[in-house]
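Listed here are the chains, written in short residue letters.
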Amino acid sequence: MTGYASADGGTGDASWSWEIKSVNGRSLDVRCRLPSALEGLEPALRTRVQNRFSRGTVTATLTVTRRGGAVRLRLNPAVVDQLEGIIEAFSLRVRADTPRLDGLLAVKGVMEAAEEEESPGLRAEREAAILKSLDAAIAALAKNREQEGARLAGVLAGHLDAAGAAAKRASASAVLQPEAIRAKLAAQVTALLEASPALPAERLAQEAALLAVKADVREELDRLSAHLTAARGLLDEGGAIGRRLDFLCQEMNREANTMCSKSADIELTRAGLELKAAIDQLREQVQNIE
């Protein structure tokens, strides 16, 4: 399922913005993009997403902005000490002017941003507010996905109707299946008798009956009808039905394949191919729903 949502919040000298989006996926994949100082929120983020969604690639991005005097610059002592040692070692080997202050300050890592100390209570309060905003973004994303699901429900119903219509044509053509088998067997028996006239007629009758039983497609059509009914029931049920629908599509495709392999009638074969096409279209859309 695809969707997008955002939520903003703020407390004290900090403001933040959540962006959360999802794209189609057969399983749930949660991706987090958090500021380094708030990476501890990742477990809570993953739990919230997993409790709400079961399929799709969900990406959550948090942007935090601090205002006022919350951030100050300071020298990084470790980097300064390293620079001092490098300058001394360099001066022993090469005659050169003493480095200028602006050049030293331009060295990456010499200056670092340091947030002002805050109490654990204030930090916990801010993180709780950030997670509350996340809950709002997840709820908005869920609503967005539900709206897309409602639109897809009509598409899925259309594919089920097409599959049902093809199954009905297959059922009507299945009545002609014994006649087609009989005509085919008659031609084969005639050719066989011409080649081997000593073959007993009783044996030929047994073989003909066995082939007729194997070519009967009524069981496949009955199971297919049951699967179609179950799929329509899932659409009416709603909720997270993607995996169950995917399983039903696999079973319907299995029955359609068997029916086509047994077919000895051109109309039954055509109906079977139409049925397979409708099932394939249905299954392609099922991959996109939760």
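For the structure given in this document, a descriptive report is provided here.

**Structural notes on the pattern of salt bridges**
Applying the stated rule across the entire model yields 14 salt bridges. Between Glu255 and Arg223 there is a salt bridge, and its shortest N-O distance comes to 2.9 Å. Here Glu255 is found in helix H8 (residues 242-262), whereas its partner Arg223 is found in helix H7 (residues 218-237), with 32 residues between them in sequence. Arg270 is the salt-bridge partner of Glu267, the closest N and O atoms lying 3.0 Å from each other. With Glu267 and Arg270 both in helix H9 (residues 266-286) and three residues apart, this pair spans about one turn of that helix. Judged by its relative accessible area of 37%, Glu267 is partly exposed.

**Focus on the nonpolar core**
The biggest cluster of nonpolar side chains holds 28 residues, and the ones touching the most others in it are Leu224, Leu228, Leu245, Met252, Met259, Leu275 and Leu282. When near neighbours in sequence (up to four residues on either side) are disregarded, Leu282 contacts Leu156, His159, Leu160, Cys249 and Met252. Counting residues in hydrophobic clusters, the runner-up holds 22 residues, among them Trp18, Ile20, Val49 and Ala60.

**What to know about the side chain of Asn253**
Tracing the sequence through the fold places Asn253 in helix H8. Residue classification places Asn253 among the buried positions, given a relative accessible area of 17%. Beyond its immediate chain neighbours, meaning those up to four positions away, Asn253 contacts Lys276, Ile279 and Asp280.

**Focus: the pairing of strand S2 (residues 14-23)**
Burial along S2 is one-sided: Ala14, Trp16, Trp18, Ile20 and Ser22 are buried, and none of Ser15, Ser17, Glu19, Lys21 and Val23, which face the opposite way, are. Bridge count between strand S1 (residues 3-11) and S2: nine bridges; the pairing is antiparallel. Bridged to Thr11 within S2 is Ala14. The hairpin formed by S1 and S2 contains two residues between the paired strands, and Gly12 there has a positive phi angle of roughly 60 degrees. Sheet topology note: the S2/strand S4 (residues 56-66) ladder contains 10 bridges and is antiparallel. Residue pairing in the sheet places Trp16 in a bridge with Val64 of S4.

Parameters at a glance
- Residues numbered from 1 in each chain as written.
- Predicted model: local features only at pLDDT ≥ 70, side-chain atom pairs only at ≥ 80, totals over all residues.
- Heavy atoms only, no water.
- Salt bridge = Lys/Arg side-chain N within 4 Å of Asp/Glu carboxyl O.
- Helix = DSSP H or I, 4+ residues; strand = E, 2+ residues; numbered from the N terminus.
- Buried < 20%, exposed > 50% of the residue type's maximum accessible area, 1.4 Å probe, protein only.
- Core = buried A, V, L, I, M, F, W, Y, C linked by side-chain atoms within 4.5 Å.
- Contact = heavy atoms within 4.5 Å.
- Pairing = 2+ DSSP bridges.

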